[in-house]
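One-letter residues, chain by chain:
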Amino acid sequence: MFSKLSAMLQHAAEVTSQMLSPQASPAEEFQLCWRVITDTLSSENESVNSMHCIKSHLDQMIDLLCKEDEQRDQRGMGPCMEFMLRHRILDMLFTSGKSDYPCGMRREVLVILTVLLGRMQQPLIPHVSIHQPIQRLIAVCGENPTSPEAVEEVQFLRTLCLQVQRDSFMADFFIEDRPSTGKKHFLVLEALLRLVNCQDSVVAMKAYECLLLISGMPHSGVVESLVGSSLPTLLASHLQFHFQLIPPSCPSSQILACSAGWGVDYAARGSAFGSTLTWHMDAYLSWLDYCEQFVSCASENLKTSVCDAITEVLLRGSLLSRLTQASEEDLQVSLSVVTRSLQVLISERILRTFVCFLLCSDGQAALQHRLIGLCNHLSDDVCQSALQLFDVLLPLPSVVNSLLFCYWHGEVPANQFLTDEELFKERERLEDAVDRYSTVVPGKLCSCAEVTGESGIELYLLEAHRQVAYYRSISVKWEGESGEEGDASALVWGESPFLSGMTSKLEAILDQPYEINLLVTAILSKVACLSHPMVDQWMDYRQTSSVSLLSVLQKVSRDLQAHSEHSPGLLLNLLEARRRLLGLDTSDLLSMPHNNLLEGAVVLEEFVKEVASIIFAKKSSELLSINYQ
């Protein structure tokens, strides 16, 4: 054994001296380095020195190849590259790397290939003696979840992903047609799907990042492989896993405050952060962010596949049962999770997936009615969570059609030019409407001017113009059914369960907690900003129907006046309640009688001013657009 070692060292010394000779060309140095490596591999010596010898000579070969690549003629390749291809050097390296002989050879082969593919300017993959050993190396990547070479494996695969992302035709060399399945298989994808199960969380995260690189490739074989793979279901399963583990004791306020981007799931493993109450919520949002990034660059078929998996695995597989069961804690947490999901999502495709499931899915009409019914739940916490969901839902595409406009049975009239006389009458009607709404609450029960010194209507007018413009810009174009023009005094829309539910909540404004009243009025103010004849009829002050907005507000005002007649000190208590809500009073409001009544009266006073401002902003804008279009 010692004689073999001494002979090997002597030969290495001779080769080194030849390389240092000024007469040796780069090609000769390259060949001599390879001779040293082959001699060392054939010596059956597994010492550290032998591996060090192989590594140093491989590094030298790579340097020679890269220098040759920088100086080569664009029409051909240099002698070093020709020697490597002719002698199928990568095949021999793969054989040694697969057996990991000597120890550490597998890691070295992965590093060498990663550097070679990353640094060389000329395309190497099309050469048979390059892509065949790479194919075999890909096939063994990720085989062992605890592999010590997992970091090098994922770096190697990342380099390949960048190569095929830059030149999509390179993917052809790594796609197999397997008769047993009748499908195309992208070898790089399969290796990455093995590596995502690696016990090293950093490696698993980098593998998912590599999947992002190939998600947007236009190559038909890659797209087919991605769509037919387990990846869409795997992503949806991550969402489902963390959603199911969010503790029922997690407060809604904490859930709605969570904000996490991709990678938090892996970064928190084994850390103190991973033991917090909202960790699974953060991890859920992290995977939702990943899905959004994935879908944003994916092909249309792949987008559909991922969104279908989210619907089946997360929404129907877990969320549906949570929303239809009686547990108040589960209801509250589930509603809050969905609300936060809709708040953070940017991808229109995934947003539409959530919206269609909640409101528009075939066979899921019962779920929409269930959600509307939760707004009147006996538990104030569940009720508040349901209202928060609709508050977030309302501005999203297609939602107003599902909740409101699909119940309209009249025509959508086209804008017509108005004469001066007609314009004058419309302005008079506008002034009358604003006056009717702004005086719903009698002056003797108004507390704003007494506390702040002003009515506050100017701020509402500024905000109303902004809100009306915003909702006009995002309104979904809607075409009504053709039919005879309806009488202005008659309702031509069916009863919308959503609008009916919100009207019922508005009627109970004097008996509900302050937080619920704020949400109800916020939702109804959004509805009031919508430009549609159904909304216009609902807000028309000439309507005598009990479901019109003005009729409901007048009924609540009459109830408040009835309370004032039986409570002579109600106005003083109202002033005290407003000061407390504004943070201007130090007395204990809870010691006062009729706490909900006082806070409800304050909200009512502010809401009628808001509605009056919206009517003025919306109608004045419409009149201007009619005569100046």
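Caption draft 1: Spatial organisation of the overall build of the protein chain. A count of helices and strands for the protein chain gives 30 helices and two strands. Put simply, the protein chain has 629 residues, and 51% of those count as buried. When contacts within the protein chain are restricted to residue pairs at least 6 apart in sequence, those whose partners lie at least 24 apart make up 77%. In the form shown here, the protein chain has an accessible surface area of approximately 29,200 Å², with 52% of it arising from carbon and sulfur atoms.

Caption draft 2: Broad picture of the pattern of salt bridges. This model, assessed by the stated rule, comprises 24 salt bridges. Across the pair K619 and E426 runs a salt bridge, and its minimum N-O distance is 3.5 Å. Taken together, the residues span a long stretch of sequence, with K619 in helix 30 (residues 595-628) and E426 in helix 22 (residues 420-438) at a distance of 193 residues. On the basis of relative accessible area, K619 is assigned to the partly exposed category, the value being 28%. One salt bridge connects R466 with E463, and the closest N-O pair in it is separated by 2.5 Å.

Caption draft 3: View of helix 26 (residues 514-529). Over its 16 residues, helix 26 extends 23 Å from the first C-alpha to the last, a length consistent with the 22 Å expected when each residue adds 1.5 Å. The element helix 26 is extensively covered by neighbouring structure, given that 12 of its 16 residues are classed as buried.

Caption draft 4: Just the side chain of K526, in detail. Residue placement: K526 occurs in helix 26. At a separation of 2.7 Å, a polar atom in the side chain of K526 contacts the side chain of D391. Among residues more than four places away in sequence, those in contact with K526 are D391, L394, P395 and Y471.

Caption draft 5: Representation of the packing of helix 7 (residues 128-140) against helix 9 (residues 187-195) within the structure. The geometry of helix 7 relative to helix 9 is characterised by a closest axis approach of 8 Å and an angle of 25° between their N-to-C directions. With respect to helix 9, the element helix 7 is oriented roughly parallel. Helix 9 is crossed by helix 7, and the crossing has left-handed handedness. The segment helix 7 lies against helix 9, with Q135, I138, A139 and V140 engaging L187, V188, A191 and R194. Across the contact of helix 7 with helix 9, the residue classes break down as six nonpolar, one polar and one charged.

Caption draft 6: Inspection of the packing of aromatic side chains at higher detail. Overall, the coordinates contain 11 aromatic pairs when judged by the stated rule. Feature note: the residues Y208, W262, W287, Y290 and F294 constitute an aromatic cluster, connected by ring pairs.

Caption draft 7: Local environment of the confidence of the model for the protein chain. The pLDDT averaged across the protein chain works out to 86; a share of 85% of its residues lies at or above 70. When the criterion is pLDDT under 50, residues 476-490 qualifies, and its contacts beyond four places in sequence or with other chains add up to 21 contacts.

Caption draft 8: Quick look at the environment of A171. Along the polypeptide, A171 turns up in the loop between helix 8 (150-166) and strand 1 (175-178). Overall, the relative accessible area of 0% leaves A171 in the buried class. When the C-alpha atoms of A171 and S220 are compared, they prove to be 9.9 Å apart, with 49 residues separating the residues in sequence. Apart from the residues lying within four places of it in its own chain, the contact partners of A171 are V164, F186, M217, H219 and V222.

Caption draft 9: Summary view of a negative patch on the surface. Taken together, the side chains of E328, E329, D380 and D381 present a region of like negative charge at the surface. Where the negative patch is concerned, the elements lending two or more residues are helix 17 (328-344) and helix 20 (380-393). Here D381 lies in helix 20.

Caption draft 10: Examining helix 7 more closely. Under the 1.5 Å per step criterion, the end-to-end length of helix 7 is 19 Å for 13 residues, consistent within 8% with the ideal 18 Å. Those residues of helix 7 that fall on the buried side of the exposure criterion are S129, I130, H131, P133, I134, L137, I138 and V140. Note on helix 7: the residue one or two positions beyond its end, G142, has a positive phi of about 80°.

Caption draft 11: Representation of the packing of helix 15 (residues 279-297) against helix 18 (residues 348-360). The contact between helix 15 and helix 18 brings their axes to 9 Å, and the two run at 120°. In this view, helix 15 runs oblique relative to helix 18, as classed from their interaxial angle. Of the residues in helix 18, those in contact with Y284, L288, C291, E292 and V295 of helix 15 are R349, I350 and F354. Residues that form the contact of helix 15 with helix 18 fall into these classes: six nonpolar, no polar and two charged.

Caption draft 12: Quick look at the environment of N301. The residue N301 is located in helix 16 (residues 300-324) in this model. A residue is classified by how much of its surface remains accessible, and N301, at 54% relative accessible area, is exposed. Taking the C-alpha atoms as reference points, N301 and V223, separated by 78 residues in sequence, lie 7.8 Å from one another.

Caption draft 13: Molecular detail of the side chain of S551. For S551, the location among the structural elements is in helix 28 (residues 549-566). Here S548 takes part through its side chain, which lies 2.8 Å from a polar atom of the side chain of S551.

Caption draft 14: Quick peek at the environment of L358. Position of L358 relative to the elements: it lies in helix 18. For L358, a relative accessible area of 1% translates into the label buried. On a C-alpha basis, the gap between L358 and R370 in space is 9.8 Å, while along the polypeptide they are 12 residues apart. With residues near it in sequence (within four places) discarded, L358 still touches L323, V338, L342, L367, Q368, L371 and L393.

Caption draft 15: A look at the pairing of strand 1. Taken together, the four bridges between strand 1 and strand 2 (residues 183-186) define a ladder with antiparallel strand orientation. Paired with I175 across the bridge in strand 2 is F186. Connecting the antiparallel pair strand 1 and strand 2 is a turn made up of four residues, with G182 showing a positive phi of about 70°.

Caption draft 16: Molecular detail of unusual backbone geometry. For the bond running from Y101 to P102, omega is -10°, close enough to zero to count as cis. Position of P102 among the secondary structure elements: in the loop between helix 5 (89-99) and helix 6 (105-119). One non-glycine residue, R88, lies in positive phi territory at about 45°. Tracing the backbone through its elements, the reader meets R88 in the loop between helix 4 (79-86) and helix 5. Phi at D100 is positive, roughly 50°, even though this residue is not glycine. Here D100 shows up in the loop between helix 5 and helix 6. Here D100 falls in the partly exposed class, since its relative accessible area comes to 24%.

Conventions and cut-offs
Residues numbered from 1 in each chain as written. Predicted model: local features only at pLDDT ≥ 70, side-chain atom pairs only at ≥ 80, totals over all residues. Heavy atoms only, no water. Helix = DSSP H or I, 4+ residues; strand = E, 2+ residues; numbered from the N terminus. Buried < 20%, exposed > 50% of the residue type's maximum accessible area, 1.4 Å probe, protein only. Contact = heavy atoms within 4.5 Å. Areas by Shrake-Rupley, 256 points an atom, 1.4 Å probe, with all protein chains shown as cover. Salt bridge = Lys/Arg side-chain N within 4 Å of Asp/Glu carboxyl O. Expected span 1.5 Å × (residues − 1). Polar contact = N/O pair within 3.5 Å; in protein donor to acceptor, adjacent residues only side chain to side chain. Axes fitted to C-alpha atoms, helices over the stretch in contact; angles between N-to-C directions. Parallel < 35°, antiparallel > 145°, perpendicular 65-115°, else oblique. Left-handed = near helix turned anticlockwise from the far one by under 90°. Nonpolar A, V, L, I, M, F, W, Y, C, P; charged D, E, K, R; others polar. Phe/Tyr/Trp six-rings, centres within 6.5 Å; stacked < 30°, edge-to-face > 60°. pLDDT = per-residue confidence, 0-100. Patch = residues over 30% accessible without salt bridge, like charges linked within 9 Å, V, L, I, M, F, W, Y side chains within 5 Å. Lys, Arg positive; Asp, Glu negative; His and termini not counted. Charge placed at Lys NZ, Arg CZ, Asp CG, Glu CD. Pairing = 2+ DSSP bridges.

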